[in-house]
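Coordinates in review
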Amino acid sequence: MGAAIDVERHQVLAYRVGAQQLDRSEAEIGRLAVLDLGVADSPPGSARVAFAARLPSLEDDDALVTVWGARGAPFVHRVADLPGLAGALFPRDEADAKARVGASSARIPGEDLDAVRATVSALHEIVTAPLGKGAVSTALTARLPELAFYCPGCKVDHLSDQLMRIAGLAAGVRVEPGTTPLVLSPIEGWVPPAGAEGLGGAARAYLRLQGPGTQAEVAAYFAAGKSAVASSWPGDLVEVRVDGKAGFWIPAEAEAALRKPSPPDPVRLLPPSDPYLQTRNRNLLVPEKTEQKALWRPIGNPGAILVDGEIAGAWRPKLAGKRLTITLEAFRPLPPPVRTALAAEVERVASARGAAEVRIA
């Protein structure tokens, strides 16, 4: 690692637009760079909108699958990437297991890592064919009663939902998109990982797509223990100072693109969980606190309007049958060319959502 390089915020945003291919420079869905980290599908259908924001034309790909990925959230990944991802997301030690299980850790007797391992084994044996999540939870509780607790909302004893999600990928469980109630299915030919492989590769993917970033950001993104991130931190990184602030890192091969990024000129409608919004450094992406509160809410985040790399507003969809209404809420006045471009993006969102008719409110 050599001397730190100096960049400004506008360079970082321009770099991310290019790194995440929001310029629609890639035509094949399976080759999208954001799939190296995964594309969140929350709320359901968001991933298709995120793909539509990056592709000249939206397509389906049988080589993609939805699983419980980072933080136990539903993410779309390449099937070929799943074994490595499972090893990266498997807790490295007890402290890492506690971090990944989160608040549910307090309800787990004994070691959290042992609980994760037991849940992985049980899930792998239970989900051998498509099965509703409720039925899976019932079967898990019967097999692992010592890990169950009384849930006031469900009025029954069951395992922590987060524990089941954290164990899901390692157990070879995938999520059937668009199912209500949720259906889980086995990943064909799956062999559970022997143990943790470390977050080195996953950290590199985060830093390449969301960087420059810090160890704390990577730990927060994966809900991992800080020591687990530090122990597998990549060695071939370049330190970066952003607006004079040190402690940021980016892969060495991305340095040139960060120093001189292409102009971030696209206008896009990003879904609430779009990769561009998944950064753990929200202050850099959206400096204004009032705008942060408008985008990241306790419940029900809106999507974001992207203009030249900046988040220029929020948007919300309302689907009634095949009719989609999109409400745009700009943070500042948008010039006529931007509004024209937004109208075209609205049509893309409608297509991704399967709407036959769309209007802007």
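Scroll up a little and you will see the structure.
Rules behind the numbers
Residues numbered from 1 in each chain as written. Predicted model: local features only at pLDDT ≥ 70, side-chain atom pairs only at ≥ 80, totals over all residues. Heavy atoms only, no water. Helix = DSSP H or I, 4+ residues; strand = E, 2+ residues; numbered from the N terminus. Buried < 20%, exposed > 50% of the residue type's maximum accessible area, 1.4 Å probe, protein only. Salt bridge = Lys/Arg side-chain N within 4 Å of Asp/Glu carboxyl O. Pairing = 2+ DSSP bridges. Axes fitted to C-alpha atoms, helices over the stretch in contact; angles between N-to-C directions. Contact = heavy atoms within 4.5 Å. Core = buried A, V, L, I, M, F, W, Y, C linked by side-chain atoms within 4.5 Å.

**Points about unusual backbone geometry**
A negative phi angle characterises most non-glycine residues, just as the trans form characterises most peptide bonds. Cis geometry marks the peptide bond from serine 42 to proline 43; its omega dihedral reads 0 degrees. Mapped onto the secondary structure, proline 43 falls in the loop between strand E2 (39–40) and helix H2 (46–52). Omega for the peptide link from glycine 211 to proline 212 comes to -5 degrees, which places this bond in the cis form. Position of proline 212 relative to the elements: it lies in the loop between helix H8 (200–210) and helix H9 (215–222). Positive phi, normally seen in glycine, also occurs at alanine 223, with a value near 55 degrees. Turning to its location among the elements, alanine 223 is positioned in the loop between H9 and helix H10 (226–231). Phi is positive for aspartate 243, close to 50 degrees, though the residue is something other than glycine. Within the secondary structure, aspartate 243 sits in the loop between strand E10 (237–242) and strand E11 (245–251). Using a relative accessible area of 52% as the deciding quantity, one classes aspartate 243 as exposed.

**Side note on the pattern of salt bridges**
Applying the stated criterion across every chain yields a total of 24 salt bridges. Arginine 332 serves as the salt-bridge partner of glutamate 291, at 3.0 Å between the closest nitrogen and oxygen. Taken as a pair, glutamate 291 in helix H13 (residues 289–295) and arginine 332 in the loop between strand E15 (323–330) and helix H14 (336–353) lie far apart in primary sequence, 41 residues in all. Here arginine 332 falls in the partly exposed class, since its relative accessible area comes to 36%. Several salt bridges share partner residues, and in doing so they unite Arg24, Arg268, Glu345 and Arg348 into one network.

**A look at the pairing of strand E14 (residues 310–320)**
As paired strands, strand E13 (residues 303–307) and E14 are joined by five bridges and run antiparallel to one another. Bridge pairing in E14 places glycine 303 opposite tryptophan 315. Counting the residues in the hairpin turn of E13 and E14 gives two residues, including aspartate 308, whose phi is positive at 55 degrees. Taking the residues between adjacent antiparallel strands as the criterion, E14 and E15 are bridged by two residues, where glycine 321 takes a positive phi near 65 degrees.

**Observations concerning the sheet that holds E10**
An order of E1-E10-E11 is seen for the three strands of this open sheet, with the pairing classed as mixed. Edge positions in the sheet fall to strand E1 (5–7) and E11, since each has one partner strand and no second. Strand-to-strand twist across the sheet, computed as the mean angle between neighbouring axes with direction ignored, equals 40 degrees. In this structure, E1 lies alongside E10, joined through three bridges in parallel fashion. Bridge assignment links isoleucine 5 to a residue of E10, and that residue is valine 240. Strand contacts of H8: E10 and E11, with the helix running at about 110 degrees to E11, the strand carrying the most contacts.

**Quick word on the nonpolar core**
In terms of nonpolar packing, the biggest core is built from 32 residues, with Leu82, Leu169, Val218, Phe222 and Trp233 touching the most fellow members. The element contributing the most residues to this core is H8, with six residues. Of all hydrophobic cores here, the second largest spans 26 residues; its members include Ala97, Ala122, Ala167 and Leu184.

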